[in-house]
Amino acid sequence: MTDNSDNILVRAQGVDKVFKRGSEEIHVLGGLDLEIPRGEFLALMGPSGSGKSTLLNLVGGLDRPSEGVVEVGGKRIDKLSERKLAAWRARHVGLVFQFYNLMPVLSALKNVELPLLLTRLSKAERKKRANVALDIVGLAHRAGHYPRQLSGGEQQRTGIARAIVTDPTLLLCDEPTGDLDRKSGDEILDLLQALNQEQGKTIIMVTHDIHAAERATRTLYLNKGRLSTEPVD
Amino acid sequence: MFNWFSQVISVIGFSIRSIPQRKGSSIAALLGIAGVVAVMVGVLSIAQGIARTMESSAGGDNAVVLRSGSDTEMMSGLGGDEARIIGEAPGIARDDSGTLASPELFVIINLPMRTTGTDANVPLRGVLSQAPKIRNDFKIVDGRMFEWGLNEVIVGSGATEQFTGLEIGSSIEVGQEQWPVVGIFEAGGGVAESEIWVDASVLQSAYRRGNSYQSVYAKLTAPAAFDEFRDNLTSDPRLNVKAMRETDYYAAQSEMVYNLITGLGTLIAVIMGLGAIFGALNTMYTAVSARTREIATLRALGFHSGPVIISVLSESLLLACMGGLIGAALAWLAFDGFRTATLNWSSFSAITFSFDVNFSLLLQGIVFALVIGLVGGLFPAVRAARQPVAHALREL
């Protein structure tokens with residue numbers, strides 16, 4: 001049991017999340033429990049508004065639960081201050097967004113280098129690591145291109161390179177193929193799968209696409225703030 | 001803290017490099033601020049110009065003597081004997097022709113202004129032969145000096161620019177007589193350049209003033225000689241006069257109009273500045289709104305809110321600074337050295353002066369622009385930094 005417990009990277013216990021809209025309270029997550037072992041590639045599915053992205057934000061330290069505990073790598077993150085949480089994210093979390101969220105004024109290389117500005121690395125070392133990350137995603141030849149000069153798939157690969165450049169503990173992907181055609185989407189999924197299988201990255205991916213979810217090692221379904229292993233109609 | 005500065009520099013870099021994506025609203029804010037600064041510097045340069053003209057008039061070692069109780073030459077009156085006693089007081093410098101003291105008369109005549117064609121008051125000063133030696137840098141620049149004893153006049157360069165009928169060869173009407181203009185003079189940019197000069201004895205008889213004057217201008221042996229000069233005059237039982245340093249006299253003369261224009265200029269600048277602040281606020285809220293994704297992404301990646309605030313403020317300050325520089329340059333190009341005339345309320349006569357856009361005014365204008373930029377950027381910056389990251393990412 002102990003071994004199994006140590007192997008758990010993400011643990012959420014009794015997590016509630018309530019949003020307030022005026023006087024109305026919207027319960028997005030209610031009493032949610034979740035454990036994700038290291039090295040897992042977890043797909044989170046569910047209808048719109050079911051709380052998938054909210055759960056991803058809580059695990060990634062982008063938001064705090066209204067109730068409950070969120071631990072990542074044995075560290076409780078739900079009580080951290082804004083500043084500490086920002087530093088924790090920079091160190092432990094890689095984020096991949098549906099719409100890539102690249103800086104339009106920066107080249108692919110500079111975009112990938114961005115999270116490294118939050119480290120003590122030298123300029124030369126930052127550049128070297130950013131080039132390695134771009135190489136991993138197969139975009140070394142596009143390093144000097146700006147986002148507007150890249151296709152959607154290339155932009156998302158740049159986004160993934162940015163997410164992995166700091167060698168984070170956890171890779172969080174919010175609809176990473178949601179804005180891409182099937183072919184580009186498959187390339188992104190190939191890449192995520194390779195990162196999981198070859199480099200042992202723990203990945204949580206929110207998706208609407210059953211085809212994408214099939215690449216994951218486990219799929220969980222969220223409905224009305226509750227998790228299940230089976231899809232709910 | 002170790003990477004705080006690199007964060008700040010990077011985030012400011014994105015901010016500034018992304019300005020071209022919002023060039024419409026950025027240019028509008030920039031031009032708004034430029035306009036405010038140009039108007040502010042322009043109006044304040046009027047006050048500076050008047051003050052400079054007054055300062056140029058005054059020599060540090062010059063004194064003016066008026067009848068006790070009068071603040072201006074218009075209100076003063078001195079008998080010929082009094083003027084003679086004053087002219088021989090200790091402390092006054094001498095040359096071969098005697099003491100450098102000039103009893104003078106001061107009357108006002110009406111002449112049409114070149115710009116509007118309407119009549120305005122022009123000072124007509126009766127002087128003695130020592131008067132040019134007492135003024136700063138007096139020189140005849142065209143024509144010649146009037147002949148002593150004749151009803152000829154010479155005209156200051158400022159007066160001839162601002163009023164019609166003061167060219168060499170034309171004449172001014174005094175009573176029933178026509179007095180020909182025979183020369184144009186300069187006096188180091190001072191008040192005298194707004195005046196018409198004539199022999200004091202000619203003016204005395206034309207205005208039936210007998211042997212009286214209104215003031216005595218004197219050049220002292222040194223600025224330090226003033227106290228002795230003044231004490232001597234005020235303790236003399238034959239005299240009922242007051243002596244002032246010429247610098248103090250002109251400072252008092254220009255004070256009212258200087259304060260009025262400075263006050264008005266500041267008021268206009270503040271009102272326009274408020275408008276520009278709203279312009280800057282609007283621009284920066286738009287900028288923050290357009291950059292919501294960028295800012296939220298940076299913060300999601302782990303960038304702190306401090307650098308985000310500084311980046312928004314930097315963008316606002318950069319736009320304001322550019323606006324300020326453009327406005328200051330416009331004001332300098334449009335106004336500096338522009339000559340015009342206004343009423344000197346102390347003498348009720350026109351004073352010719354040049355707008356003076358000096359370095360200190362330009363600096364004031366740029367600082368004012370930066371204040372507009374700071375206030376206009378602060379609220380949007382705080383908003384950008386306070387927006388919850390998850391919420392901001394969801395809004396995309």
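Structure shown above.
Residues numbered from 1 in each chain as written. Chains lettered and ligands numbered in written order. Predicted model: local features only at pLDDT ≥ 70, side-chain atom pairs only at ≥ 80, totals over all residues. Heavy atoms only, no water.

Draft legend 1. Expanded view of the overall build of chain B. Within chain B, the regular secondary structure consists of twelve helices and 16 strands. Accessible surface for chain B amounts to roughly 16,500 Å². Of this, 60% is attributable to carbon and sulfur atoms. (Helix = DSSP H or I, 4+ residues; strand = E, 2+ residues; numbered from the N terminus. Areas by Shrake-Rupley, 256 points an atom, 1.4 Å probe, with all protein chains shown as cover.)

Draft legend 2. Spatial organisation of unusual backbone geometry. A positive phi angle is found at asparagine 101 of chain A, which is not glycine, with a value near 55 degrees. Take asparagine 101 of chain A: it is sitting in the loop between strand S6 (93-96) and helix H4 (108-113). Of note in this structure, arginine 208 of chain B is not a glycine but carries a positive phi near 50 degrees. In this structure, arginine 208 of chain B sits in the loop between helix H6 (200-206) and strand S12 (212-213).

Draft legend 3. Geometry of helix H8 (residues 246-290) of chain B. For H8 of chain B, spanning 45 residues, the distance from its first C-alpha to its last is 61 Å, which sits close to the expected 66 Å at 1.5 Å a residue. At glutamate 255 of chain B, H8 of chain B is bent by approximately 40 degrees, the largest bend along its length. (Expected span 1.5 Å × (residues − 1). Bend = angle between axes of the 7 residues up to and from the residue.)

Draft legend 4. Fine view of empty space enclosed by the protein. Summed over the entire model, instances satisfying the criterion amount to four cavities of 30 Å³ or more. Of the pockets and cavities examined, the second largest cavity occupies roughly 80 Å³. Taken together, Arg89, Ala90, Val93, Gly94, Leu95, Pro115, Arg162, Ala163 and Thr166 of chain A together with Ala300 and Leu301 of chain B make up the lining of the second largest cavity. Mapped by element, the contributors of at least two residues to the lining of the second largest cavity are helix H3 (82-92), S6 and helix H6 (152-164) of chain A together with helix H9 (292-301) of chain B. Take the lining of the second largest cavity: its biggest share by element is three residues, from S6 of chain A. Its residues placed into classes, the lining of the second largest cavity shows seven nonpolar, two polar and two charged. (1 Å grid on protein atoms, 1.4 Å probe; cavity = no way out; pocket = protein on both sides within 12 Å on 5 of 7 lines; lining within 4 Å. Points joined across faces, edges and corners; volume = space filled by probe spheres on them. Nonpolar A, V, L, I, M, F, W, Y, C, P; charged D, E, K, R; others polar.)

Draft legend 5. View of the sheet that holds strand S7 (residues 170-174) of chain A. Residues and elements named next belong to chain A. Spatially, S6-S7-S8-S3-S9-S10 is the arrangement adopted by the six strands of the open sheet, whose pairing is mixed. Taken across any chain shown, the strands that pair with only one partner, and hence form the sheet edges, are S6 and strand S10 (226-228). Neighbour to neighbour, the strand axes of the sheet diverge by 20 degrees on average, direction disregarded. Across four bridges, S6 lies against S7 in parallel orientation. Across the sheet, residue valine 96 finds its bridge partner in S7, namely cysteine 173. Contacting strand S3 (41-45), S7, strand S8 (202-206), strand S9 (218-223) and S10, helix H2 (residues 52-59) runs over the sheet at an angle of about 155 degrees to S7. Contacting S6 and S7, H6 crosses the sheet at an angle of about 170 degrees to S6. (Pairing = 2+ DSSP bridges. Axes fitted to C-alpha atoms, helices over the stretch in contact; angles between N-to-C directions. Contact = heavy atoms within 4.5 Å.)

Draft legend 6. Layout of the interface of chain B and chain A. With 25 residues of chain B at the contact, the number on the chain A side is 25 residues. For the pair chain B and chain A, the summed buried area comes to about 2,300 Å², and 64% of that belongs to carbon and sulfur atoms. On the surface where chain B and chain A come into contact, there are zero salt bridges. The interface formed by chain B and chain A holds five residue pairs in polar contact (both at pLDDT 80 or more) in total. If you list the elements that add at least two residues to the side of chain B that touches chain A, you get helix H1 (4-17), H9 and helix H12 (389-394) of chain B. For the side of chain B that touches chain A, the per-class residue count stands at eleven nonpolar, nine polar and five charged. (Buried area = accessible area lost by both parts, 1.4 Å probe. Salt bridge = Lys/Arg side-chain N within 4 Å of Asp/Glu carboxyl O. Polar contact = N/O pair within 3.5 Å; in protein donor to acceptor, adjacent residues only side chain to side chain.)

Draft legend 7. Examining the layout of surface pockets more closely. Estimated volume of the largest pocket: approximately 560 Å³. What lines the largest pocket is a set of 27 residues, among which Ser53, Gln98 and Asp174 of chain A together with Leu393 and Arg394 of chain B lie closest to the centre. Looking at the lining of the largest pocket, the elements that each hand over two or more residues are H2, S6 and S7 of chain A together with H12 of chain B. Ranked by the residues each element gives to the lining of the largest pocket, the list is headed by H2 of chain A, at five residues. Here the lining of the largest pocket is composed, by residue class, of 13 nonpolar, ten polar and four charged.

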